[in-house]
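The primary structure of each chain is shown beneath.
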Amino acid sequence: MNLKTADSRPATPEQQELARKVEEQTALEAELADRELRSADLRAELGAFERQYLHFVGSRYAELDELKAQIAERLSAAQPGNDRAAQAARGARARADETKTVAGEKSEQEPRKFEASPELKRLYRDVARRIHPDLTSDRDDRSHRQQLMADANHAYEQGDETRLEKILTAYEHSPEAFRGEGPGAELIRVIRRVSQVRGRLAEIEAELQGLLRSDLYQLKIRVDEAEQSGHNVLQDMIAKVDEQVELAKKRLGEPGPIPR
């Protein structure tokens, strides 16, 4: 079917190419929004899982490493001239400090799993389709969009639908949302946008593969699969560390020199 201009004349080759490119751009932008949503989902799920792991298991490892450091320090103090014991004590203390830093302060409230509602997913997809920084070639607009997308990612991870709505509405009514027309210039802009979106799609795929290969993701998969079979892997890990903590406390509490 031949395209027609407003005065019924056949569309120029430039206008026909523009129409094809706009169609390609629309499809790619929809794919980009879906990929961004998948990436945001995975980041949020891993973040929630990591908080759960640190809350239940990480804090216990921090306690265990602190006890081990105290044991090593007492052994070193009992052998003033033993360089190996002193080095072991310094290493144990460094590990304890590192584990404590990673585990952070244990929250009184149990972290919850990340679960996005259909409305939250729809809002995020709309924000990504409309505001994503790779959909513009204007430097100032791109910078503005980058900040908005960062805010949107945070709101999504927090499950804040109201915040996502405000971000989208505010941008839709901003001066940056207005774009001029003109077949020649618009064709160039669309070609550049298509190239930008393709580039971002490749970046997202690399990011996703990195997340899927991470140790944290592999542990989460282990836990999820075991949970489906009625087995709680985290609970097993907690019991194992608790047992080691009790043994370390018992060893530290014994009077006199600590046995090796």
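Residues numbered from 1 in each chain as written. Predicted model: local features only at pLDDT ≥ 70, side-chain atom pairs only at ≥ 80, totals over all residues. Heavy atoms only, no water.

How should the environment of Glu-98 be read in this particular structure?
Mapped onto the fold, Glu-98 is located in helix α2 (residues 83-103). With a relative accessible area of 53%, Glu-98 lands in the exposed category. (Helix = DSSP H or I, 4+ residues; strand = E, 2+ residues; numbered from the N terminus. Buried < 20%, exposed > 50% of the residue type's maximum accessible area, 1.4 Å probe, protein only.)

Help me understand helix α5 (residues 161-172), please; the structure alone is not making it clear to me.
In an α-helix, one full turn covers 3.6 residues, which means residues spaced three or four apart are oriented alike. Look at α5: 17 Å from first C-alpha to last across 12 residues, which is about the 16 Å you get at 1.5 Å a residue. For α5, the full list of buried residues reads Leu-164, Ile-167, Leu-168 and Tyr-171. Viewed end-on, α5 has its buried residues packed into an arc of 90 degrees, placing them on one side of the element. Exposed side of α5, more than 90 degrees from the buried face: Lys-166 and Ala-170 are the residues found there. Against the buried residues of α5 lie α3 (118-131) and α4 (139-157). Where α5 begins, one side-chain oxygen reaches toward the backbone nitrogen of Thr-162, 3.3 Å away; that side chain belongs to Asp-160. (Expected span 1.5 Å × (residues − 1). Arc of directions from axis to C-beta. Contact = heavy atoms within 4.5 Å. Polar contact = N/O pair within 3.5 Å; in protein donor to acceptor, adjacent residues only side chain to side chain.)

In this structure, what is going on with the pattern of salt bridges? I would like to understand it.
Between side chains of opposite charge, a pair can form as their charged atoms come close. On inspection of all chains with the given rule, the structure shows 21 salt bridges. We note a salt bridge from Asp-141 to Arg-145, for which the minimum N-O separation is 3.1 Å. Taken together, the positions of Asp-141 and Arg-145, both in helix α4 and 4 residues apart, correspond to about one turn of that helix. Accessibility expressed as a relative area gives 3% for Arg-145, which makes it buried. Between Arg-163 and Asp-151 there is a salt bridge, with the nearest N and O atoms lying 3.7 Å from each other. In this pair, Arg-163 sits in helix α5 while Asp-151 sits in helix α4, placing the two residues 12 residues apart along the sequence. A relative accessible area of 24% places Asp-151 in the partly exposed class. Residues joined in a network through salt bridges with shared partners are Glu-36, Arg-200, Glu-203 and Glu-207. (Salt bridge = Lys/Arg side-chain N within 4 Å of Asp/Glu carboxyl O.)

Would you explain the environment of Arg-95 in this entry?
Looking at where Arg-95 falls in the secondary structure, it is placed in helix α2. Remark: the alpha-carbon pair of Arg-95 and Asp-65, spanning 30 residues in sequence, is separated by 6.8 Å.

Whenever I open this one, helix α7 (residues 215-228) confuses me. Can you help?
With 14 residues, α7 should cover 20 Å at 1.5 Å per step; its first-to-last C-alpha distance of 20 Å lies within 8% of that length. Taken as a whole, α7 has its buried residues at Tyr-217, Leu-219, Lys-220, Val-223 and Ala-226. Structurally, α7 contributes buried residues whose contacts are with α1 (13-77), α6 (183-213) and α8 (233-253). Just downstream of α7, Gly-230 is the residue with a positive phi angle, here 80 degrees.

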